[in-house]
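Topology and contacts: notes
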Amino acid sequence: MRCMSLTIGTLVGAVAVLVGGFSYAQDDLAKMSQNPNQWVMPAKNYANTRYSQLKQINTSNVGKLQVAWTFSTGVLRGHEGAPLVVGDVMYLSTPFPNIVYALDLSHDGKILWKYEPKQDPSVIPVMCCDTVNRGVAYADGKIFLHQADDKLVALDAKTGKEVWTAVNGDPKRGQTGTSAPLVVKDKVLVGTSGGEFGVQCSLAAYDINSGKLAWRAYSEGPDDQILVDPEKTTQFGKPVGQNSSLKTWQGDQWKIGGGCTWGWISYDPELNLVYYGSGNPSTWNPTQRPGDNKWSMTIWARNPDTGVAKWVYQMTPHDEWDYDGVNEMILTDQRINGRERKLLTHFDRNGLGYTLDRATGELLVAAKYDPKVNWTSGVDMDKNSPNYGRPTVVQRYSTQAGGEDHNTTGICPAALGSKDEQPAAYSPETQLFYVPTNHVCMDYEPFRVSYTAGQPYVGATLSMYPPPGDSNMGNFIAWDNKTGKIVWSDPELFSVWSGALATAGGVVFYGTLEGYLKAVDAKTGKELYRFKTPSGIIGNVMTYQHAGKQYVAVLSGVGGWAGIGLAAGLTDPHAGLGAVGGYAALSNYTALGGQLTVFAVP
Amino acid sequence: MKSRALVAACVLTVAALWAGVVIAANADGSGDPTAAKNQDGKYYDKQGTPTYSIKPDGTVDWYTYSGYRRYSSECLRCHGPDGAGSSYAPDLTNSLKTVSYTDFLGVVAGGKKDVNTANDLVMPSFGVDRNVMCYIDDIYIYLRARADGALGRGRPAKHEEKPTAAQKWENSCMGPA
């Protein structure tokens, strides 16, 4: 019966089931993700390159781009993430209440179905910094939605009907959902938000057919909870040993240790490893949680079948600045130091761009991708040093050294990082990474806080401002991950909080907080096109081809942390009202409103 | 903690009778903010409502300063830096021009909701959160100074010493370290 309504694409999959006797959704999905016409997973492909082979829109005609059609989501809050395109249908999700729309691309985005979950609004204030949702996942005829209340729902992609629901966490304990899931083989992987509520965060895998939990891997805790094999899981090629996490926390503090997993997930089918990062340890007051706080602030490589970790790398041991390690891991195969290698490139909140060997976790490059980064003098790259792989902290920017009730000033970057969740893109043609960045510094004063379940657990006061002497709060940069160097850098008035798109047309796209969609030359960064959409852009640009025509699409809808921190402008202690330049108020440029804008060359 | 808020609220019912008259002149939801009394480093206006004291050289009282810190760690994530509002929650420097001390205590302890087809505004209730309730007067005093235009944006540059009364209260309210 079901086969009758299947499309050609899934029929091929169905045949594979019969032939192989057994097939994973991933086989279809991996293939589908290579079709440039579609956009079937959050970052275009498992490697998270956000690169499209489409080139109808290119450097010579992008200047003629026009709006083809638009769609209002009916929701006002911050719109992160990007739509998916599967066949003739576009799927997109909104911030709370997390409406999912299926739009008919053959009819200018007519609504095929709409799904709106029932959620208790008391989850709204538990979400740190706005009620964002970073998009849905697709596999095997289903759409997977990670709701604000930390439920994971599978919907029938054809009808929008619920297939199953799984409860991943409890908002009453501060656990919420904002991240986009990723489907790997027969499992859907999902993280948790709640680092500001003292949650012990985890990555969990659910069976795509039944919604049954397959495994859960915490960021901190005993070995059997973090799914670490003391003998086989390595850091820098050496086994991490027993109780690698427990040893680095005082008493039971790991139970409220944070290490949240709300970023993006990538996957290497050949190595059979998934990659993601864990966030800040709770609280923001470092004095209150002595130790390295493992494995917060860590790049994880895990086996997607069992969840067991192959290797780890903790970037910021004993965080003192809220430099979450959740940003995306971009997987590329490149020649480095004369050798063809499988690489992982990661732009951390802490301001360092890391290049690692993704098979082994060997650290190859760690360099500042904003020259103003000052909290560290760099990472110890000497393999024989006891501090190998650790960043050297500059004492005057250490909020731990300053201690409780001491205001440490002039730290760069600010807590929002040189880059936050907004994902970078990679073009294999230029071998460059295109990175949306924040260019903001801060004062940070930690103080004592008490923990109450479900209540915020922060413990620091921050004030933020552009780096001294600069009036721009963001840059859009091109980065060479082999040398650790910035190739070009376009200044932006506000932080760039939109995910980038690289294309075979030699054009790179991104959005700005004022609301511009911008197209720049991948080689030089020269601006080729801009269009002001109705609201600030914190969504990620994507592209697809339908009926022979290439489209570029992006969600507008200002909000997220950027909307909160920048709405009234950054704090300038020396200015009165009407501050300009680096202290400009975002609210003078844009207002709330979720809208999809789809562009094409007529 | 609870009884303290209640006592303050009783004082306020009397004060509220005056409020209507004074609001127009000062645009302060609790009336004339001029400090009339200094009790162990904490200032009160003539109606007995907690208020700020800012010296001509910019030195602020301890509670204003403490309020700045607690505001920034507990409220900023929604109301934006310096109480100035955000894409997510109202500008409190504007709200406190009309919201009285009693109403302020009520909203912070009990929360407030405006969820419908056009809005999803939820102010959480902090009634059981010691990081907020132990410093609720501090936060109020800070925001009152901001709303009155008596205090600019950013961290107050200079402040009075932490009074022993404040330390005592903190220890009893927050519990052992």
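I will try to describe carefully the structure that is included in this document.

Reading the values: rules and limits
- Residues numbered from 1 in each chain as written.
- Chains lettered and ligands numbered in written order.
- Predicted model: local features only at pLDDT ≥ 70, side-chain atom pairs only at ≥ 80, totals over all residues.
- Heavy atoms only, no water.
- Salt bridge = Lys/Arg side-chain N within 4 Å of Asp/Glu carboxyl O.
- Helix = DSSP H or I, 4+ residues; strand = E, 2+ residues; numbered from the N terminus.
- Buried < 20%, exposed > 50% of the residue type's maximum accessible area, 1.4 Å probe, protein only.
- Arc of directions from axis to C-beta.
- Contact = heavy atoms within 4.5 Å.
- Polar contact = N/O pair within 3.5 Å; in protein donor to acceptor, adjacent residues only side chain to side chain.
- Disulfide = S-S within 2.5 Å.
- Expected span 1.5 Å × (residues − 1).
- Pairing = 2+ DSSP bridges.
- Axes fitted to C-alpha atoms, helices over the stretch in contact; angles between N-to-C directions.
- Core = buried A, V, L, I, M, F, W, Y, C linked by side-chain atoms within 4.5 Å.
- Phe/Tyr/Trp six-rings, centres within 6.5 Å; stacked < 30°, edge-to-face > 60°.
- Lys NZ or Arg CZ within 6 Å of the ring centre and 35° of its normal.

1. Concerning the pattern of salt bridges
Counted by the stated rule, this structure contains 38 salt bridges over all chains. Here Lys372 of chain A makes a salt bridge to Asp470 of chain A, at a shortest N to O gap of 3.0 Å. Of the two residues, Lys372 of chain A is situated in the loop between strand S24 (363-368) and strand S25 (376-379) and Asp470 of chain A in the loop between strand S31 (460-465) and strand S32 (474-480); the sequence distance between them amounts to 98 residues. What makes Lys372 of chain A partly exposed here is its relative accessible area of 32%. Owing to a relative accessible area of 25%, Asp470 of chain A belongs among the partly exposed residues under this scheme. Among the salt bridges present, the one from Arg153 of chain B reaches Asp82 of chain B, with a minimum N-O distance of 2.8 Å. Here the residue Arg153 of chain B occupies a position in the loop between helix H7 (136-147) and strand S7 (158-159), and Asp82 of chain B occupies one in the loop between helix H3 (76-79) and helix H4 (92-95), the gap between them amounting to 71 residues. Owing to a relative accessible area of 22%, Arg153 of chain B belongs among the partly exposed residues under this scheme.

2. Side note on helix H5 (residues 101-110) of chain B
Residue and element names in this part refer to chain B. Restricting attention to buried positions, one finds in H5 the residues Tyr101, Phe104, Leu105 and Val108. Each buried residue of H5 lies within a common arc of 95° when the element is viewed along its axis, so the set occupies one face. Of the residues trailing H5, Gly111 is marked for its positive phi of about 85°.

3. Some remarks on the interface of chain A and chain B
Each partner contributes residues to the interface: chain A has 40 residues there, and chain B has 37 residues. Linking chain A with chain B are four salt bridges. We note a salt bridge from Arg69 of chain B to Asp405 of chain A, for which the minimum N-O separation is 2.8 Å. Between the two partners, chain A and chain B, sit ten residue pairs in polar contact (both at pLDDT 80 or more).

4. Here we look at the state of the cysteines
In this structure the tally under the stated criterion is three disulfides over all chains. Between the sulfur of Cys412 of chain A and that of Cys441 of chain A lies a disulfide, 2.2 Å long from S to S. Taking the torsion about the sulfur-sulfur bond, which here is approximately 100°, the covalent link between Cys412 of chain A and Cys441 of chain A counts as right-handed. Here the residue Cys412 of chain A occupies a position in the loop between strand S27 (408-411) and strand S28 (425-427), and Cys441 of chain A occupies one in strand S30 (residues 441-446), the gap between them amounting to 29 residues. Each of the two residues, Cys412 of chain A as well as Cys441 of chain A, counts as buried. At a sulfur-sulfur separation of 2.0 Å, the disulfide partner of Cys134 of chain B is Cys173 of chain B. Judged by the sign of its S-S torsion, about -85°, the cystine formed by Cys134 of chain B and Cys173 of chain B is left-handed. Of this pair, Cys134 of chain B sits in the loop between helix H6 (130-133) and H7 while Cys173 of chain B sits in helix H8 (residues 164-174), and the two are 39 residues apart along the sequence. Exposure remark for Cys173 of chain B: the relative accessible area of 11% places this residue in the buried category.

5. Thoughts on helix H2 (residues 62-74) of chain B
All names here are of chain B. The end-to-end C-alpha separation of H2 is 18 Å, in line with the 18 Å expected for 13 residues at 1.5 Å each. Counted residue by residue, H2 has 13 buried out of 13 residues, so it is predominantly covered. Capping the start of H2 is the job of one residue whose side-chain oxygen sits 3.1 Å from the backbone nitrogen of Tyr63: Asp61.

6. So, the sheet that holds S24 of chain A
All names here are of chain A. Strand order in the open sheet formed by four strands is S21-S22-S23-S24, with antiparallel pairing between adjacent strands. The sheet is open, and its two borders are formed by strand S21 (329-336) and S24, each paired with just one other strand. Neighbour to neighbour, the strand axes of the sheet diverge by 25° on average, direction disregarded. One ladder, built from five bridges, connects strand S23 (residues 352-357) with S24; its direction is antiparallel. By the bridge assignment for S24, Gly353 is matched with Ala367.

7. Thoughts on the nonpolar core
The nonpolar side chains of soluble globular proteins are, as a tendency, buried together. Residues and elements named next belong to chain A. Ranked by internal contacts, the top residues of the largest apolar core, which has 87 residues, are Met90, Tyr91, Phe509, Tyr544 and Leu596. The leading source of residues in this core is strand S39 (residues 549-556), at five residues. Here Leu596 is in contact with Trp69, Thr70, Phe71, Pro83, Met90, Leu92, Leu103, Ala553, Val554 and Leu555, once residues within four sequence places are set aside. Of all hydrophobic cores here, the second largest spans 69 residues; its members include Ile124, Leu416, Ile564 and Leu570.

8. Thoughts on the packing of aromatic side chains
Counting across every chain of the model gives 31 aromatic pairs over all chains. Arranged with centres 5.3 Å apart and planes meeting at 80°, the rings of Tyr451 of chain A and Tyr457 of chain A form a pair that is edge-to-face. Residue classification places Tyr451 of chain A among the partly exposed residues on the basis of a relative accessible area of 26%. With a centroid separation of 5.8 Å and 45° between ring planes, the pair formed by Tyr71 of chain B and Tyr142 of chain B is classed as tilted. Taken together, the positions of Tyr71 of chain B in helix H2 and Tyr142 of chain B in helix H7 put the pair 71 residues apart, joining distant regions of the chain. Taking relative accessible area as the criterion, Tyr71 of chain B reaches 0% and is therefore assigned buried. Feature note: the residues Phe347, Tyr369, Tyr426, Phe433 and Trp479 of chain A constitute an aromatic cluster, connected by ring pairs. Cation over ring: Arg302 of chain A sits above Trp300 of chain A, and NZ or CZ is 4.0 Å from the ring centre.

9. Focus on the environment of Gly539 of chain A
All names here are of chain A. Tracing the backbone shows Gly539 in the loop between strand S37 (527-532) and strand S38 (542-546). When its relative accessible area of 0% is taken as the criterion, Gly539 is described as buried. In the structure, Gly539 is positioned 405 residues away from Arg134 in sequence and 8.2 Å away in space, judged by C-alpha atoms. Filtering out sequence-adjacent residues up to four positions away, Gly539 remains in contact with His79, Glu80, Gly81, Trp497, Ser498, Gly499, Val554 and Leu555.

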